[in-house]
Amino acid sequence: MTLRIVGIGEVLWDLLPAGAQLGGAPTNFTCHAAALGAQAAIISRVGADSLGDEICRTLAARHVATECIQIDSRHPTGTVEVDVDAKGQPTFEIRRDCAWDHLQAEPIAHRTLALSDAVCFGTLAQRSETSHAAIIELITQAPIESLRIFDINLRQHYYSQALIEHSLSMASVLKLNDTELPAIALMLGLSGDVRAQIDQLCQRWQLRAVAYTRGAHGSILRTEHEWSDHPGIPVSVQDTVGAGDAFTAAMTIGLLRGWALDDVNRHANHVASFVASSTGATPMLPESIRAQFTHSH
């Protein structure tokens, strides 16, 4: 069965020290989902400029559907200045008031989401009231049984407690990392250790699953009935840009296919560790990894 997976939010160029790379968390997510065999689409907005044209060409080459990418004649395609430190950790300076800040809830986006098995969204694309309203409207179009994945992606100052709580109320799955959980715990009054805080998130927002990633130290998955803890896969890190998005894509496919939770966690770590060992957010995944997602479990 082909899985229909949608990312909604920012599409942009990450301006890395080594050159420009396609980026934006939901864009990375959909590229990885397509590489792992899903029918993937991105709902976003680009400028009527050469950078926007190149985004559409690049996504099409990666087998990501571009019918839901809107063209904005007034605002430029998004860009982000990315600096990477000696440990491969990125910092971001995100251009303001670009095309994806003006996302619209167009009919084709409604139709795409109505047929989806999963939709992934974050906080950054909701920084403008226009895109926030469009994203919230569109997420409600996803079928009730589909996965609504909130990949929290805290960036600069582009989030608030109200935005996070509203997004959690729309979500059935939460993905966050070991720098984001402490910030969320403080904001939402979560107490105890990591597992206690994850429990509180699950229970307060009736989440079907929570994914907590911790870089080189692997990840914890929690569903309504079980836990999975993976220690991580040692690699030589080039940069960590996109590794979390790769994890989310792999996890989404595993959950939709009903794999055992430990298998979901293991395969998601394999994909994320490969991306961290490569340059850029969406390196071509090797056949050995892609094959793991075409065999039944």
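Since the model is a prediction, treat every value here as computed from it, not as a measurement.

## Observations regarding the packing of helix α3 (residues 107-114) against helix α4 (residues 129-139)
Then step 1. Where α3 meets α4, the axes come as close as 9 Å, and the angle between the chain directions of the two elements is 40 degrees. With respect to α4, the axis of α3 lies oblique. Contacts from A109, H110 and L113 of α3 reach α4 at E137, L138 and I139.
Then step 2. A class-by-class count of the residues in the contact of α3 with α4 yields 4 nonpolar, 1 polar and 1 charged.

## Some thoughts on the layout of surface pockets
Then step 1. In this structure, the largest pocket encloses a volume near 1,100 Å³.
Then step 2. If you trace the largest pocket, you find 46 residues lining it, with Q89, N177, T240, A243 and G244 closest to the centre.
Then step 3. Looking at the lining of the largest pocket, the elements that each hand over two or more residues are β2 (12-16), α1 (25-35), β8 (90-94), β11 (173-177), α8 (243-256) and α9 (261-276).
Then step 4. Of the residues that constitute the lining of the largest pocket, the class distribution is 19 nonpolar, 17 polar and 10 charged.
Then step 5. The volume enclosed by the second largest pocket comes to roughly 200 Å³.
Then step 6. If you trace the second largest pocket, you find 14 residues lining it, with V6, Q39, A41, A65 and T112 closest to the centre.
Then step 7. Looking at the lining of the second largest pocket, the elements with two or more residues in it are β1 (4-8), β4 (39-47) and α3.
Then step 8. Per-class residue counts for the lining of the second largest pocket are 8 nonpolar, 3 polar and 3 charged.

## Side note on α1
Then step 1. The buried count for α1 comes to 10 of 11 residues, which makes it a mostly enclosed element.
Then step 2. For α1, the set of buried residues is A25, P26, T27, N28, F29, T30, C31, H32, A33 and A34.
Then step 3. Directly beyond the C-terminal end of α1, a positive phi value near 105 degrees is found at G37.

## Some points on the sheet that holds strand β3 (residues 19-23)
Then step 1. Here we have 4 strands laid out as an open sheet, ordered β3-β2-β7-β8, and mixed in their pairing. Every other strand in the sheet has two partners, leaving β3 and β8 as the edge strands with one partner each. Pairs of neighbouring strands in the sheet enclose a mean axial angle of 30 degrees, with direction left out of account.
Then step 2. Bridge analysis of β2 against β3 gives 5 bridges, and the strand direction is antiparallel. Bridging from a neighbouring strand, L16 pairs with G19 of β3.
Then step 3. Relative to β2, helix α2 (residues 50-61) is tilted by about 100 degrees, and along the sheet it contacts β2, β3 and β7 (78-84).

## Structural notes on unusual backbone geometry
With glycine set apart, most residues show a phi of negative sign, and most peptide bonds adopt trans.
Then step 1. The phi dihedral of N153 is positive, around 40 degrees, even though this residue is not glycine.
Then step 2. Its place among the elements puts N153 in the loop between β10 (147-151) and α5 (161-170).
Then step 3. With phi around 45 degrees, Q206 is a residue other than glycine that occupies positive phi space.
Then step 4. With respect to the secondary-structure elements, Q206 resides in the loop between α7 (194-204) and β12 (209-213).
Then step 5. Given the relative accessible area of 62%, Q206 is considered exposed.

## Comments concerning empty space enclosed by the protein
Then step 1. Scanning the entire structure with this criterion turns up 1 cavity of 30 Å³ or more.
Then step 2. The volume enclosed by the largest cavity comes to roughly 40 Å³.
Then step 3. If you go around the largest cavity, the residues you meet are A25, P26, C120, F121, G122, D151, N153 and D245.
Then step 4. Breaking the lining of the largest cavity down by element, the ones donating at least two residues are α1 and β9 (118-121).
Then step 5. Partitioning the lining of the largest cavity into residue classes produces 4 nonpolar, 2 polar and 2 charged.

## What to know about the packing of aromatic side chains
Then step 1. Per the stated rule, a full pass over the model turns up 2 aromatic pairs.
Then step 2. For the ring pair F121 and F150, a centre distance of 5.3 Å and an interplane angle of 20 degrees mean the geometry is stacked. Linking F121 in strand β9 with F150 in strand β10, this pair joins segments that are 29 residues apart in sequence. Across the pair, exposure class does not vary: F121 and F150 are buried alike.
Then step 3. Directly above the aromatic system of Y158 lies the positively charged group of R127, at a separation of 4.7 Å from the ring centroid.

Conventions and cut-offs
Residues numbered from 1 in each chain as written. Predicted model: local features only at pLDDT ≥ 70, side-chain atom pairs only at ≥ 80, totals over all residues. Heavy atoms only, no water. Axes fitted to C-alpha atoms, helices over the stretch in contact; angles between N-to-C directions. Helix = DSSP H or I, 4+ residues; strand = E, 2+ residues; numbered from the N terminus. Parallel < 35°, antiparallel > 145°, perpendicular 65-115°, else oblique. Contact = heavy atoms within 4.5 Å. Nonpolar A, V, L, I, M, F, W, Y, C, P; charged D, E, K, R; others polar. 1 Å grid on protein atoms, 1.4 Å probe; cavity = no way out; pocket = protein on both sides within 12 Å on 5 of 7 lines; lining within 4 Å. Points joined across faces, edges and corners; volume = space filled by probe spheres on them. Buried < 20%, exposed > 50% of the residue type's maximum accessible area, 1.4 Å probe, protein only. Pairing = 2+ DSSP bridges. Phe/Tyr/Trp six-rings, centres within 6.5 Å; stacked < 30°, edge-to-face > 60°. Lys NZ or Arg CZ within 6 Å of the ring centre and 35° of its normal.

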